[in-house]
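# Analysis of the macromolecular model
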Amino acid sequence: MVFKKMHGTGNDFIVIKYEDFPFEERFKELAQKTCHRHFGIGADGLLIVNKSNIADFKMQYYNSDGSLAAMCGNGIRCFAKFVYDEGLINKSLFTVETLSGVKKVSLNIDDDKTKSVKVNMGEVIFEPSKIPVTSEKASFINETIMVNDRNFTVTTVLMGVPHTVIFTDTLNLEEIKAYGPLIEKHDIYPANTNVSFAKIRDEGNIEVRTWERGAGYTLACGTGVSSVVGVAYRLGLVDNKVNINTEGGNIKIEVMEDDSVFMDGPAQDICSGVYFI
Ligand SMILES: N[C@H](CCC[C@H](N)C(=O)O)C(=O)O
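Residues numbered from 1 in each chain as written. Predicted model: local features only at pLDDT ≥ 70, side-chain atom pairs only at ≥ 80, totals over all residues. Heavy atoms only, no water.

### Quick notes on the side chain of Thr193
Quick reminder of the rule: Secondary structure elements are defined from DSSP: runs of H or I of at least 4 residues count as helices, runs of E of at least 2 residues count as strands, and each element is numbered from the N terminus. Any pair of N or O atoms that falls within 3.5 Å is considered a polar contact. Within protein, one atom must be able to donate a hydrogen and the other to accept it, and sequence-neighbouring residues count only if both atoms are side-chain atoms. Two residues qualify as a contact provided that any one of their heavy atoms is within 4.5 Å of a heavy atom in the partner residue.
Considering the arrangement of structural elements, one finds Thr193 in the loop between α3 (173–184) and β12 (194–202). Engagement of the side chain of Thr193 in a polar contact is seen with the backbone oxygen of Pro162, the distance being 3.5 Å. There is a polar contact of 3.1 Å between the side chain of Thr193 and the side chain of Thr164. Excluding anything up to four places from it in sequence, Thr193 contacts Pro162, His163, Thr164, Ile183, Glu184 and Arg213.

Right, here's the structure in full:
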């Protein structure tokens, strides 16, 4: 099976065309096998390029553990570059159907090279009734949850997928990798959650490190950084335009008046090849 490996700020993906592996019932197994860092190609997730009846393309995304996710921010930037480079579309502005709705993408092309991709991620959703979280509260902002021996103040939102945001003065990777999986699977999250730890530098700069549902610690998370800025802006902690530093690189986020979030970041090819399924 032909594949391309790509990354968006270090969040890496295997990208395939549906027609090269038209077996949807095997996508979970394919993601688990191809994403394996030793027995496979190695990646955080698998992106499948498919036809859509309501948009220019359909994107299907599976985490490395094989779980299906409704949206992938870094992934949709790679997806957009892939379909343009493969000549599947010849315009730089187009739409991608995802399980969390149709997203508009805009390629920033310079001498025929995609420099960056801008994505309308849609709005950050704060209402708990629309988020897979077991809470009767009207909102899940600055809630305290107990994780083993520690209390965390969290805000949980839906950015296509559930994201739990924790503001902290110190980004300690050991702690993130210890508590991330416990919060990911906390019993208040019946569908589990992604967990982003955010350190606000100033009103225009935030450092974010994310433990991802179904993929573990990744070098960046597009829906994660979008969630962080959406929450920080709602809490009055930052301006509406923020530069996010992730371990894998920088992403620009802008929150619009209607609460929709625009993400602008890189998408890069790593290699292409044939995978022996
Ligand atoms: N890396 C992805 C996150 C995918 C979400 C997935 N981890 C889930 O919600 O299960 C991103 O850039 O948005």
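Here the narrative resumes, following the displayed structure.
### Quick word on the site of the ligand
Our working rule: Note on terminology: near, applied to a residue and a molecule or strand, indicates that one of the residue's heavy atoms is within 4 Å of it. In these tables, accessible area is a Shrake-Rupley quantity obtained with a 1.4 Å probe, and a residue counts as shielded only by the protein chains included in the view. Amino acids are sorted into nonpolar (Ala, Val, Leu, Ile, Met, Phe, Trp, Tyr, Cys and Pro), charged (Asp, Glu, Lys and Arg) and polar (every other residue, Gly among them).
Of all residues adjacent to the ligand, which total 15 residues, the nearest are Gly73, Asn194, Glu212, Gly222 and Thr223. Within the side chain of Asn11, a nitrogen or oxygen atom sits 2.8 Å from a nitrogen atom of the ligand. Side-chain polar atom of Arg213 to an oxygen atom of the ligand: 2.8 Å apart, as the coordinates give it. Computed on the free molecule, the ligand has an accessible area of 360 Å², of which 100% lies beneath the protein chains in the complex. Breaking the shell around the ligand down by element, the ones donating at least two residues are β4 (57–63), α2 (73–85) and α4 (222–234). For the shell around the ligand, a count of residues per class yields 6 nonpolar, 7 polar and 2 charged.

### Looking at the pairing of strand β3 (residues 45–50)
Stated formally: Burial classes: relative accessible area under 20% of the type maximum marks a residue as buried, over 50% as exposed, and values in between as partly exposed (1.4 Å probe, protein chains only). Throughout, right-handed denotes a crossover for which the path from the first strand over the helix to the second runs clockwise when the strands point away from the viewer. Strand pairing is assigned whenever DSSP identifies at least 2 bridges connecting the two strands.
Of all 6 residues in β3, 6 are buried, a share of seventy percent or more. Taking every second residue as pointing to the same face, both faces of β3 are buried, with Gly45, Leu47 and Val49 on one and Leu46, Ile48 and Asn50 on the other. Once the chain exits strand β2 (residues 11–17) it traverses helix α1 (residues 27–35) before rejoining the sheet at β3, and the crossover so formed is right-handed. Of the strand pairs in this sheet, β3 and β4 are connected by 6 bridges, and their pairing is antiparallel.

### Things to note about the packing of aromatic side chains
Threshold: Aromatic pairs are defined between Phe, Tyr and Trp rings, using the six-membered ring for Trp, whenever the two ring centres lie within 6.5 Å; interplanar angles under 30 degrees are classed as stacked, those over 60 as edge-to-face, and all others as tilted. By definition, being over a ring means that NZ of Lys or CZ of Arg is both within 6 Å of the ring centre and within 35 degrees of the ring normal.
All chains considered together, the criterion is met by 9 aromatic pairs. In this structure an aromatic cluster arises from ring pairing among Tyr18, Phe21, Phe23, Phe27 and Tyr62. One cation-aromatic arrangement involves Lys177 over Tyr217; the distance from NZ or CZ to the ring centre is 4.7 Å.

### Points about a nonpolar patch on the surface
The test is simple: Only residues whose relative accessible area exceeds 30% and that take part in no salt bridge are eligible for patches, with like-charged residues grouped when within 9 Å of each other and nonpolar side chains (Val, Leu, Ile, Met, Phe, Trp, Tyr) grouped when within 5 Å. By convention in these notes, a salt bridge is any Lys or Arg side-chain nitrogen within 4 Å of a carboxyl oxygen on Asp or Glu.
A contiguous nonpolar patch, built from Val2, Val274 and Phe276 and spanning about 350 Å² of accessible area, is present on the exposed surface. Using a relative accessible area of 72% as the deciding quantity, one classes Phe276 as exposed.

### Brief notes about α2
Stated precisely, the cut-off is as follows: To estimate how far a helix should extend, the number of its residues minus one is multiplied by 1.5 Å.
The end-to-end C-alpha distance of α2 is 19 Å, a good match for the 18 Å that 13 residues give at a rise of 1.5 Å each. Taken across its 13 residues, α2 has 12 buried, putting it largely inside the fold. A positive backbone phi angle near 75 degrees is found at Gly87, which sits one or two residues after α2.

### Observations concerning unusual backbone geometry
A positive phi angle is found at Asn142, which is not glycine, with a value near 50 degrees. Position of Asn142 among the secondary structure elements: in the loop between β8 (113–123) and β9 (143–147). Given a relative accessible area of 43%, Asn142 falls into the partly exposed group. Despite not being glycine, Asn148 shows a phi value in the positive range, around 50 degrees. Relative to the helices and strands, Asn148 resides in the loop between β9 and β10 (150–158).

### Describing the nonpolar core
Condition: Among buried residues, those of type Ala, Val, Leu, Ile, Met, Phe, Trp, Tyr and Cys that are joined through side-chain atoms within 4.5 Å constitute a nonpolar core. For the domain bounds, the source is a domain assignment made automatically or taken from a database.
The biggest cluster of nonpolar side chains holds 50 residues, and the ones touching the most others in it are Met59, Val83, Phe94, Val105, Ile206, Ile244 and Ile253. For this core, the element with the highest residue contribution is α2, accounting for 7 residues. Structurally, this core is a two-domain feature, drawing no fewer than three residues from each of domain 1 (2–116 + 267–274) and domain 2 (128–258). Of all hydrophobic cores here, the second largest spans 18 residues; its members include Phe140, Ile188, Tyr189 and Trp211.

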